[in-house]
Amino acid sequence: MDGRALPVQDADENASADDLLLWVLVWSELAAFGILLVGFLVVGVIQADAFAAARSHLNPLLAGINTLVLLTSGWQAALATRPVASTPTRRRALVLAALFGFAFVAIKLFEYSTEVAVAGLPQFGAFFELYFLITGFHLLHVAFGSVILLLVAWRPSPGNIALITTLWHVIDLVWIVMFPIIYLA
């Protein structure tokens, strides 16, 4: 490129392609987690007694605290998308969103440390295999998303903010669905 701006039509086509890619990513994430959660529910029906016994070793209070932490992070991410927000305000909101994301990771790892001792016991069936698969997959999304939030805070273009905050809210949504299915059902 020679440094000239793209014509308006090319810029609109790029924006449409970016939007399409974003929504393909969002729906693929929702489908992946949906499949995992449906599998969890089906096996939970088949192994109802084992799942009930295994759930007694989870900590719904920590998971509830983590829910509040993640929702607070999502709120901060939403503040970064406000059109009236200044660049420093956007940066601060994105950094806070990332820090709350890292707090979620720390709390979840602490929770795992108490659950891993009973995870391999045969009387719990497939519960802990599915539990660690689903929550671990989500945890990786939170950790990776937190890093991306920090990178976007460093260079907060509106397109990048819209991309990461949309994905961040999908991660929130997935947790809000996971929490009652795994911890409270």
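Attention in this report is confined to the structure presented alongside it. Every value quoted in this text rests on a predicted model; they were computed, and no experiment measured them.

Here we look at the overall build of the protein
Summing up its helical and strand segments, the protein has 6 helices and 0 strands in all. Seen in sequence order, the protein has helices and strands lined up from the N terminus as α-α-α-α-α-α. Counting only C-alpha atoms, the protein reaches 65 × 30 × 25 Å along its principal axes. Residues classed as buried in the protein amount to 39% of the 185 residues present.

Digging into the packing of aromatic side chains
Tallied over the full model, the rule gives 16 aromatic pairs. Seen in terms of ring centroids, Phe124 and Phe128 are 5.7 Å apart; in terms of plane orientation they differ by 70°. Their pairing is edge-to-face. Taking relative accessible area as the criterion, Phe128 reaches 1% and is therefore assigned buried. The aromatic ring of Trp154 is capped on one face by Arg155, whose charged end is 5.8 Å from the ring centroid.

A closer look at the environment of Ile164
Note on placement: Ile164 falls in helix α6 (residues 158-184). Measuring from C-alpha to C-alpha, the distance between Ile164 and Val118 comes to 36 Å, with 46 residues separating the pair along the chain.

Focus on helix α4 (residues 87-119)
What sets the pattern is the α-helix's 3.6 residues per turn: residues three or four places apart point alike. Between its first and last C-alpha atoms α4 spans 46 Å; for 33 residues at 1.5 Å apiece the expected length is 48 Å, and the two agree. If you look at α4, its biggest bend is around 30°, right at Ser113.

Observations regarding the pattern of salt bridges
Scanning all chains against the criterion turns up 1 salt bridge. One salt bridge connects Lys108 with Glu111, and the closest N-O pair in it is separated by 3.1 Å. Placement of the pair is Lys108 and Glu111 together in helix α4, with a separation of 3 residues, close to one helical turn. Neither Lys108 nor Glu111 differs from the other in exposure class; each is buried.

A look at α6
Given a rise of 1.5 Å per residue, 27 residues ought to cover 39 Å, and the 38 Å separating the end C-alpha atoms of α6 matches this to within 8%. At Met178, α6 shows its maximal bend, which comes to roughly 30°, and the proline Pro180 appears one to four places after that position.

So, the packing of α4 against helix α5 (residues 127-154)
Put simply, α4 and α5 touch, their axes get as near as 9 Å, and they point 160° apart. It follows that α4 is roughly antiparallel to α5 by the angle criterion. Classified by chirality, the crossing of α5 by α4 is left-handed. Here the residues of the contact of α4 with α5 are counted per class, giving 24 nonpolar, 5 polar and 4 charged.

Here's the deal with the environment of Ala77
Along the chain, the position of Ala77 falls in helix α3 (residues 60-80). On the basis of relative accessible area, Ala77 is assigned to the buried category, the value being 0%. Sequence spacing of Ala77 and Val95 is 18 residues, and the spatial spacing of their C-alpha atoms is 8.8 Å. Among residues more than four places away in sequence, those in contact with Ala77 are Ala93, Ala97, Thr165, Trp168 and His169.

Structural notes on the side chain of Asn66
With respect to the helices and strands, Asn66 occurs in helix α3. A residue is classified by how much of its surface remains accessible, and Asn66, at 0% relative accessible area, is buried. Excluding residues within four positions of it along the chain, Asn66 makes contact with Ala103, Phe104, Ile107, Lys108 and Trp175.

Quick word on a nonpolar patch on the surface
Nonpolar side chains collect at one region of the surface, where Leu96, Leu99, Phe102, Val147, Leu150, Leu151 and Trp154 lie side by side and expose about 640 Å² of accessible area between them. Within the residue set of the nonpolar patch, elements represented by two or more residues are α4 and α5. At 4 residues, the largest contribution of residues to the nonpolar patch is made by α5. Counting through the fold element by element, Leu96 comes out in helix α4. What makes Leu96 partly exposed here is its relative accessible area of 32%.

Definitions and cut-offs
- Residues numbered from 1 in each chain as written.
- Predicted model: local features only at pLDDT ≥ 70, side-chain atom pairs only at ≥ 80, totals over all residues.
- Heavy atoms only, no water.
- Helix = DSSP H or I, 4+ residues; strand = E, 2+ residues; numbered from the N terminus.
- Buried < 20%, exposed > 50% of the residue type's maximum accessible area, 1.4 Å probe, protein only.
- Phe/Tyr/Trp six-rings, centres within 6.5 Å; stacked < 30°, edge-to-face > 60°.
- Lys NZ or Arg CZ within 6 Å of the ring centre and 35° of its normal.
- Expected span 1.5 Å × (residues − 1).
- Bend = angle between axes of the 7 residues up to and from the residue.
- Salt bridge = Lys/Arg side-chain N within 4 Å of Asp/Glu carboxyl O.
- Axes fitted to C-alpha atoms, helices over the stretch in contact; angles between N-to-C directions.
- Parallel < 35°, antiparallel > 145°, perpendicular 65-115°, else oblique.
- Left-handed = near helix turned anticlockwise from the far one by under 90°.
- Nonpolar A, V, L, I, M, F, W, Y, C, P; charged D, E, K, R; others polar.
- Contact = heavy atoms within 4.5 Å.
- Patch = residues over 30% accessible without salt bridge, like charges linked within 9 Å, V, L, I, M, F, W, Y side chains within 5 Å.
- Areas by Shrake-Rupley, 256 points an atom, 1.4 Å probe, with all protein chains shown as cover.

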